[in-house]
Amino acid sequence: MLTEHSRTATQVCSVVAIELVPRLKILGCACDVPSHAYTYAFALNADWPQFLSGSDDIFRYLLRVVNCFGLRRFMRFNSVIERREWNDDEGQWHVDIRDALTGEIAHDTCHILIGANGLLNSWKYPAEVEGLQSFKGRLLHTARWPDNYGPEQWKNERVAVLGSGASAIQVVPTMQPHVKHMDVFVRTPVWFAQLAGHSGVNRDCKTSCIVAGLANSTC
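What counts and what doesn't
- Residues numbered from 1 in each chain as written.
- Predicted model: local features only at pLDDT ≥ 70, side-chain atom pairs only at ≥ 80, totals over all residues.
- Heavy atoms only, no water.
- Disulfide = S-S within 2.5 Å.
- Buried < 20%, exposed > 50% of the residue type's maximum accessible area, 1.4 Å probe, protein only.
- Helix = DSSP H or I, 4+ residues; strand = E, 2+ residues; numbered from the N terminus.
- Pairing = 2+ DSSP bridges.
- Right-handed = clockwise from strand over helix to strand, strands pointing away.
- Axes fitted to C-alpha atoms, helices over the stretch in contact; angles between N-to-C directions.
- Core = buried A, V, L, I, M, F, W, Y, C linked by side-chain atoms within 4.5 Å.
- Salt bridge = Lys/Arg side-chain N within 4 Å of Asp/Glu carboxyl O.

Below, the discussion takes up the state of the cysteines. Under the counting rule described, the total for this entry stands at 0 disulfides. Just so you know, cysteine 31 is unpaired, no disulfide at all, and the nearest cysteine sulfur is the one on cysteine 29, 8.6 Å from it.

Quick look at the pairing of strand β8 (residues 158-162) now. Regular strands place their side chains on alternate faces of the sheet. Burial along β8 is one-sided: Val159 and Val161 are buried, and none of Arg158, Ala160 and Leu162, which face the opposite way, are. Pairing of β8 with strand β9 (residues 181-185), which is carried by 5 bridges, proceeds in the parallel orientation. When the bridges of β9 are listed, arginine 158 appears paired with histidine 181. With helix α3 (residues 166-175) bridging β8 and the parallel β9, this β-α-β connection has right-handed handedness.

As a further point, take the sheet that holds strand β5 (residues 79-87). One open sheet accounts for 3 strands, arranged β5-β6-β7; its pairing is antiparallel. With one partner strand each, in any of the chains shown, β5 and β7 (105-110) form the two edges of the open sheet. Recorded for the sheet is a direction-independent mean angle of 20° between the axes of neighbouring strands.

Let us now look at the nonpolar core. Formed by Leu27, Trp145, Tyr149, Trp154, Val159, Val161, Ala168, Val171, Val172, Met175, Val179 and Met182, the largest nonpolar core amounts to 12 residues. Going through the elements one at a time, β8 and α3 are the ones with two or more residues in this core. Membership of the second largest hydrophobic core comes to 10 residues, among which are Trp48, Ile58, Val65 and Val66.

Here the focus is the pattern of salt bridges. Overall, the coordinates contain 6 salt bridges when judged by the stated rule. Arginine 64 serves as the salt-bridge partner of aspartate 47, at 3.8 Å between the closest nitrogen and oxygen. Here aspartate 47, found in the loop between β3 (43-45) and α1 (55-69), pairs with arginine 64, found in helix α1; they are 17 residues apart in sequence, far enough to count as distant. A relative accessible area of 41% means that aspartate 47 is categorised as partly exposed. Arginine 98 is the partner of glutamate 82 in a salt bridge, and the nearest nitrogen-oxygen pair spans 2.6 Å.

As structure tokens, then:
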């Protein structure tokens, strides 16, 4: 059930969200805070299936919000901002937008321009890793995970994961049970909460402290 408090969002008619990728797909992606924190205050959701829900469930919730409030008409996908210039006399921005599919350039203007491009839209391979580009095997970045590479494809492969950030926390436990062998190269250790299968059930003090890396008598 999606609880609707208001429809004031649809009353703003001169807003457009420009996005290159309609949806980023990261293997094993899930929220690392309780699912209810992933809801808008004006569109509460009582139907989260898990305490820490996966990206598919979050995406379905966002689609319901878009459909409920009629927001799709404010969105433009497969589009890239090629140029933006502020005109002081007019008091507005001039923006050139390129269609990523056709290459066509469209011009638009606005009074407020907000840059909200996430880091995963500007991903790159680590340049400091010697020999990375000459690697003869399959080279993947978690920000652009191919749809046709799943457990059946990787089940007999040896996998090396570079890094231990948020994406690695999601990818490693998803792949590890299926691959032939996995090595994870870590520069900086991280602490993280359990993601897969976490139901939100409270644990006793000692267990909770071990998970947090704080196992001691002062818990």
